Amino acid sequence: MSQAISFHYDVPGDDFTRAGEASSGVKKALKQVGLAPDIIRNVAIAMYEGEINMVIHAGGGQIDVDITPDAVRMVLKDQGPGIKDISLAMQEGWSTAPDDVRSLGFGAGMGLPNMKKYTDEMTVESTVGVGTTVTMTVFTHPQREAVS
Amino acid sequence: MSEFFHSVTLDQDLCHGCINCVKRCPTEAIRVRDGKAKILSDRCIDCGECIRICPHHAKKPIFDPLSVMDQYKYTVALPAPSLYGQFNNLDDVEIILRALIDMGFDAVFEVSRAAELVSDATRKMLSEGQLPRPVISSACPAVVRLVRVRFPDLIQHLLPLQAPVEVAARLAKKEAAERTGLPPEKIGCIFISPCAAKVTAVKMPLGTIKSAIDGVVAIRDVYPQMLRYMKEGVGSGEEYLSSGRMGIGWGSSGGESAALLNDRYLAADGIENVIRVLEDLEDEKLGSVDFVELNACSGGCVGGVLTVENPYIAKAKLKRVRKYLPVSCNRVGDGIPRQMKFDQEIQYEPVLQLDEDITVALRKLSQIEEISHQFSGLDCAACGAPSCKALAEDVVRGYNTPDACVFLLKNKMQSLANAACEQEGKIPAVPLGDRRE
């Protein structure tokens, strides 16, 4: 079995001041592991977007991160309202964020599209009224052109 | 990894081994070992926080004595703009500059003059649009060092221009050589500095191979000497002032940004605030700014550890002395001179990395997690490391043992005592006759 390390975070809902705690924790760990700066950035941005989504739309949730020598896998699970039309949510600029959230500078409709842009693999499973699980993977050996 | 020089030194006799500096250090670069504070050289960024916090004055900044002037045939003073904010009731910068000449310098080249050139060059580079946005100021040496060890992805955002004092030294040396006909090694360009990190920047420059600055003296050393000469009307009557409001404004936080004539900037000062901004920049949370000015010291350069005056009072005084000056007196012309640009790329120093082999690093990271759970989580620093996590990392790196934790030690002693108590009654009684009264 290959070396791996896992981190678990509980993301509280409706607390913008704490959104980003999980991603900065993972960022620090990845610097200790010594991954390439651009890989770390991709993970940090994708995870931060996911974290913010949980806070805005789902009242919080849980994040599990597994780091192996080959990949960083993030599973973001919430028990929020769920996404009715996933392909619509994946479109840039499409947002259901309420005005008060937009006034904070969030909810521009770039969350899911950005998460996809910065990761190598992403799946979204969602059931309305039950919750959403987003699984994202960033490979540590780049398998595609760098995102700029 | 290359050796790091630092501008902070420890007076062993004064150090009590308390944990004030350990807790304050923003990069967790200090440990107490054998009762004395030790700096982990690769992590230190020369921010000076430990010098400020040490209640016993055991942490001392390194700088040159004024006698460094004696080593050169011809000396040029490079006064930092923050120097102008140190004096009471002063409206005329000329008095300061004349005092430097009266003190024994042969010439003066204001750092604020070079700052205006750097500002002009920055404006040009921003309008050309070649640099990745936002551009991060590279003038504060502690910030550049911080980015280099902790924010590798932001290195490419650093403004690739030499800091004003370096530009000043290069130009001053050239001017003096032309004026005197002396070879460069006989000309001493001496920086009158608010900042200890600049000493490191001279000895171990980033962005260039060799600094043109020959000596760094402290404002606090020069200050009492200057006061003697600062009587109005005394001096040659010659005029030395050659910079305006923009250049002198660099002495406090926001000055560099204001000189860009562009509203899309942010200016943060104080090392903790700087780190928070860099964290957010790294996550691309700041979308709409073109320029980020970061100063490790609160208030900007006026907050440097080698100054005399309270930084905020110095800031107010700086405002007063520059009030009636022209906006700016120096421009770079059409192109940006080569000697103003970085002539060496800044390299990432991965000091946080646990091992070069990812598999080994991952194993070590797991061990750190595991070991840190044994500790109290109080981050008391009694072990000499700033936090339980930091001690766990030290243990895994082989620098310490878990027994350094006083709580673990206490538990260990408790269980030994418990074991001893359990044995009571099972041990044969000592014969009465042997008792000593």
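How each quantity is defined
Residues numbered from 1 in each chain as written. Chains lettered and ligands numbered in written order. Predicted model: local features only at pLDDT ≥ 70, side-chain atom pairs only at ≥ 80, totals over all residues. Heavy atoms only, no water. Helix = DSSP H or I, 4+ residues; strand = E, 2+ residues; numbered from the N terminus. Contact = heavy atoms within 4.5 Å. Areas by Shrake-Rupley, 256 points an atom, 1.4 Å probe, with all protein chains shown as cover. Lys, Arg positive; Asp, Glu negative; His and termini not counted. Charge placed at Lys NZ, Arg CZ, Asp CG, Glu CD. pLDDT = per-residue confidence, 0-100. Pairing = 2+ DSSP bridges. Salt bridge = Lys/Arg side-chain N within 4 Å of Asp/Glu carboxyl O. Polar contact = N/O pair within 3.5 Å; in protein donor to acceptor, adjacent residues only side chain to side chain. Phe/Tyr/Trp six-rings, centres within 6.5 Å; stacked < 30°, edge-to-face > 60°. Buried < 20%, exposed > 50% of the residue type's maximum accessible area, 1.4 Å probe, protein only. Lys NZ or Arg CZ within 6 Å of the ring centre and 35° of its normal. Axes fitted to C-alpha atoms, helices over the stretch in contact; angles between N-to-C directions.

### Some details on the overall build of chain B
Then comes step 1: What chain B contains, in helices and strands, is 15 helices and eleven strands.
Then comes step 2: Projecting the C-alpha coordinates of chain B onto the three principal axes gives extents of approximately 100 × 55 × 40 Å.
Then comes step 3: Within chain B, residue pairs in contact and separated by at least 24 positions form 78% of the contacts whose partners lie at least 6 positions apart.
Then comes step 4: As presented, chain B carries roughly 20,100 Å² of accessible surface, and 50% of it is formed by carbon and sulfur atoms.
Then comes step 5: Averaged over its 52 positive side-chain charges, chain B has a centre that lies 2 Å from the centre of its 58 negative ones.

### Thoughts on the confidence of the model for chain B
Residue and element names in this part refer to chain B.
Then comes step 1: Model confidence for chain B is summarised by a mean pLDDT of 91, while 96% of its residues fall at 70 or above.
Then comes step 2: No element of chain B has a lower mean pLDDT than helix α7 (residues 197-203), at 89, and none a higher one than strand β5 (residues 74-79), at 98.
Then comes step 3: Both confidence scores are given for the complex: pTM 0.88, ipTM 0.81.

### As for the sheet that holds strand β7 (residues 135-136) of chain B
All names here are of chain B.
Then comes step 1: Strands sit in the order β7-β11-β10 across an open sheet of three strands; the sheet is parallel. Edge strands, defined here as strands with exactly one partner in the open sheet, are β7 and β10 (265-269).
Then comes step 2: The sheet contact formed by β10 and strand β11 (residues 291-295) spans five bridges and is parallel. Bridge pairing links Tyr 265 to Phe 291 in β11.

### Focus on the interface of chain B and chain A
Think of interface size as the accessible area that goes away when the parts come together; that is how it is often given.
Then comes step 1: Contact with chain B, which involves 24 residues of that partner, is made by 23 residues of chain A.
Then comes step 2: In this structure, the connection of chain B to chain A is made through six salt bridges.
Then comes step 3: A salt bridge links Lys 27 of chain A to Glu 282 of chain B, with the shortest nitrogen-to-oxygen separation between them at 2.7 Å.
Then comes step 4: Applying the counting rule to chain B against chain A returns ten residue pairs in polar contact (both at pLDDT 80 or more).
Then comes step 5: Contributions of two or more residues to the side of chain B that touches chain A are made by α11 (271-282) and α13 (358-374) of chain B.

### Some details on the packing of aromatic side chains
Then comes step 1: Tallying each qualifying case throughout the model produces two aromatic pairs over all chains.
Then comes step 2: Ring centres of Phe 7 of chain A and Tyr 9 of chain A lie 6.5 Å apart, and the angle between their planes is 20°; on these two criteria the pair is classed as stacked. Neither Phe 7 of chain A nor Tyr 9 of chain A differs from the other in exposure class; each is buried.
Then comes step 3: Ring geometry for Phe 87 of chain B against Tyr 223 of chain B: centres 5.2 Å apart, planes inclined by 25°, an arrangement best described as stacked. You can see Phe 87 of chain B sitting in the loop between β5 and α3 (93-103) and its partner Tyr 223 of chain B sitting in helix α8 (residues 219-229), a full 136 residues away along the chain.
Then comes step 4: For Phe 87 of chain B, a relative accessible area of 3% gives the class buried.
Then comes step 5: Taking the relative accessible area as the measure of exposure, Tyr 223 of chain B reaches 18% and is therefore buried.
Then comes step 6: Note that Lys 285 of chain B overlies the ring of Tyr 48 of chain A, its terminal NZ or CZ placed 4.0 Å from the centroid.

### Remarks on the pairing of strand β5 (residues 131-139) of chain A
Every other side chain in a regular strand lies on the same face of the sheet, so the side chains alternate between the two faces.
Residues and elements named next belong to chain A.
Then comes step 1: Extensive coverage of β5 is indicated by the burial of nine of its nine residues.
Then comes step 2: Side-chain alternation along β5 places Gly 131, Thr 133, Thr 135, Thr 137 and Phe 139 on one buried face and Thr 132, Val 134, Met 136 and Val 138 on a second face that is also buried.
Then comes step 3: One ladder, built from eight bridges, connects strand β3 (residues 71-78) with β5; its direction is antiparallel. Bridge pairing links Met 74 to Met 136 in β5.
Then comes step 4: Bridge count between strand β4 (residues 121-127) and β5: seven bridges; the pairing is antiparallel. From the neighbouring strand, Ser 126 faces β5, where its bridge partner is Thr 132.
Then comes step 5: Taking the residues that link successive antiparallel strands as the turn, the β4-β5 hairpin has three residues, and the phi of Gly 129 there is positive, at about 85°.

### Thoughts on the pattern of salt bridges
All names here are of chain B.
Then comes step 1: If you walk through the whole model with that rule in mind, you get 33 salt bridges over all chains.
Then comes step 2: Across the pair Glu 393 and Arg 43 runs a salt bridge whose closest N-O atoms are separated by 2.8 Å. Taken as a pair, Glu 393 in helix α14 (residues 388-397) and Arg 43 in the loop between β3 (36-39) and α2 (49-53) lie far apart in primary sequence, 350 residues in all. Across this residue pair, the class does not change: Glu 393 and Arg 43 are buried.

### Re the sheet that holds β5 of chain A
Sheet strands associate in pairs through backbone hydrogen bonding, adopting either a parallel or an antiparallel arrangement.
Residue and element names in this part refer to chain A.
Then comes step 1: In space, the five strands of this open sheet follow the order β1-β2-β3-β5-β4, with antiparallel pairing throughout. Every other strand in the sheet has two partners, leaving β1 (5-12) and β4 as the edge strands with one partner each. Strand-to-strand twist in this sheet, taken as the mean axis angle between neighbours without regard to direction, amounts to 10°.
Then comes step 2: When strand β2 (residues 60-67) meets β3, the two strands line up antiparallel, connected through six bridges. Residue Val 65 lies in a different strand from β3, and its bridge partner there is Met 74.

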